[in-house]
Amino acid sequence: MTVSGVRTVVVSALAAAVAIRVSGSQALTGAYARVAADPSGSLRSAADGWTVSGTLGGATVATAQGLRELPLAAWFWLADVLAAPTSVARTGWCVLVLVLAVVGGVRLGRARSAPAGASCQYGAPDEPWSPWVGASLYACGPALVTTVLHSPGDGLVVALLPWMLVPLVRREVGWRPAARSAAWLGLAGERFFASGDERT
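In every chain, residue numbers begin from 1 and rise along the written sequence. Reporting of local features is limited, given that this is a predicted model, to residues whose pLDDT is at least 70; pairs of side-chain atoms are given and counted only at 80 or more, and all residues count toward the totals for whole chains, interfaces and linings. Note that water and hydrogens are dropped before the side-chain values are worked out from all heavy atoms of the structure.

S.K.: Explain the overall build of the chain to me, and be specific about the residues and the numbers.
M.R.: Helix and strand assignments follow DSSP, with helices taken as H or I runs no shorter than four residues and strands as E runs no shorter than two, numbered in order from the N terminus. Within the chain one finds 10 helices and zero strands. Ordered by position from N to C terminus, the α and β elements of the chain give α-α-α-α-α-α-α-α-α-α. Accessibility here uses a 1.4 Å probe with only protein chains present; expressed as a share of the type maximum, an area under 20% marks a residue as buried, one over 50% as exposed, and anything in between as partly exposed. The buried share of the chain, taken over its 200 residues, is 40%. We call two residues contacting when some pair of their heavy atoms lies within 4.5 Å. Expressed as a percentage of contacts within the chain between residues at least 6 apart in sequence, the contacts between residues at least 24 apart total 71%.

S.K.: Break down the confidence of the model for the chain for me, with residues and values.
M.R.: A residue's pLDDT is simply how confident the predictor is in it, with values from 0 to 100. Considering every residue of the chain, the mean pLDDT works out to 78; 76% of them sit at 70 or more. Long-range and interchain partners of residues 191-200, a stretch whose pLDDT sits below 50, account for 27 contacts in this model, where long-range means more than four residues apart.

S.K.: Tell me what's going on with the nonpolar core, and back it up with residues and numbers.
M.R.: Y32, L72, F76, W93, L98 and V148 are the most contacted members of the largest nonpolar core, which has 32 residues in total. Secondary structure elements with two or more residues in this core: α1 (3-24), α2 (30-37), α5 (70-81), α6 (86-112), α7 (130-140), α8 (142-150) and α9 (152-169). Per element, the largest residue contribution to this core is nine residues, and it comes from α6. Here the nonpolar core consists of buried residues drawn from Ala, Val, Leu, Ile, Met, Phe, Trp, Tyr and Cys, with membership extended through side-chain atoms lying within 4.5 Å.

S.K.: Summarise the packing of α5 against α6; cite the residues concerned and give the values.
M.R.: Between α5 and α6, the shortest axis-to-axis distance is 10 Å and the interhelical angle comes to 135°. Considered as vectors, α5 and α6 are oriented oblique to each other. For α5 against α6, the interelement crossing comes out right-handed. Residue-level contacts link P71, L72, W75, F76 and A79 of α5 to T86, A89, R90, G92, W93 and L96 of α6. Class assignment of the residues belonging to the contact of α5 with α6 gives a composition of eight nonpolar, two polar and one charged. Note on definitions: angles span 0 to 180 degrees between N-to-C directions of axes, and those axes are lines fitted to C-alpha atoms, for helices only across the stretch in contact. Oblique is the label for any angle not under 35 degrees, not over 145, and not in the 65 to 115 range, which are roughly parallel, roughly antiparallel and roughly perpendicular in turn. With the far helix as reference, a near helix turned anticlockwise by less than a right angle produces a left-handed crossing, and one turned clockwise produces a right-handed crossing. Polarity classes work like this: nonpolar for Ala, Val, Leu, Ile, Met, Phe, Trp, Tyr, Cys and Pro, charged for Asp, Glu, Lys and Arg, and polar for all others, with Gly in that last group.

S.K.: Can you lay out the packing of aromatic side chains for me, pointing to particular residues and giving the numbers?
M.R.: For Phe, Tyr and Trp, where Trp contributes only its six-membered ring, two rings pair if their centres lie within 6.5 Å, and the inter-plane angle classes them as stacked under 30 degrees, edge-to-face over 60, or tilted in between. All told, the structure shown has three aromatic pairs when counted by the stated rule. Consider the rings of W75 and W93, whose centres lie 6.3 Å apart with planes at 65°: the pair is edge-to-face. In this pair, W75 is assigned in helix α5 and W93 in helix α6, connecting sequence segments 18 residues apart. W93 sits in the buried class, given a relative accessible area of 3%. Look at W129 and W132: their rings are 6.3 Å apart centre to centre, the planes differ by 65°, and that puts the pair in the edge-to-face class. Taking the relative accessible area as the measure of exposure, W129 reaches 46% and is therefore partly exposed. Across the ring face of W132, the terminal group of R7 is positioned such that the distance to the ring centre comes to 5.0 Å. Here, over-ring charges are defined by two tests on the NZ atom of lysine or the CZ atom of arginine: distance to the ring centre within 6 Å, and angle to the ring normal within 35 degrees. Sitting over the ring of Y32, R90 keeps its end group 5.5 Å from the ring centre.

Put into structure tokens, the structure is as follows:
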């Protein structure tokens, strides 16, 4: 494994440890409790908005809320199929979101730090630690940690921001970078079909 790979594993383990620590000390409330009560029903409700019979376009609050909770509902449905307790499913979601945030932050930091004109080579042992430190502060900071604990879908959106920006910051030419950015934006953007606070 390369030096940059080891550094990424270390900061990912730190983010996972933070997620396990904080999610284990919180009660199951809000969107977590709502989705955990009926994961299959939540997943059906979320999928209903994408069908012809769904009300996408003239979205009702229930359909929009289902669409907003699609990734979380799919996660809890999978945990239900595997017979995992809801507390384990919630902790797994928090770990997933914080690790996504830290890896995306590393990718964004490394994309932003141009190796041209630098004293070290990209991926060399003397590459600066700044992308990893910045990603750790981003993923383990109070803003993202509290967001993922109380508003799981919004936490996912914040975690995906670096992934959306990486293709744009690299200034790659062609349709593929734009498609990658749009795909991440699509996953995060489905969260904003309805207004309102998901903590209720």
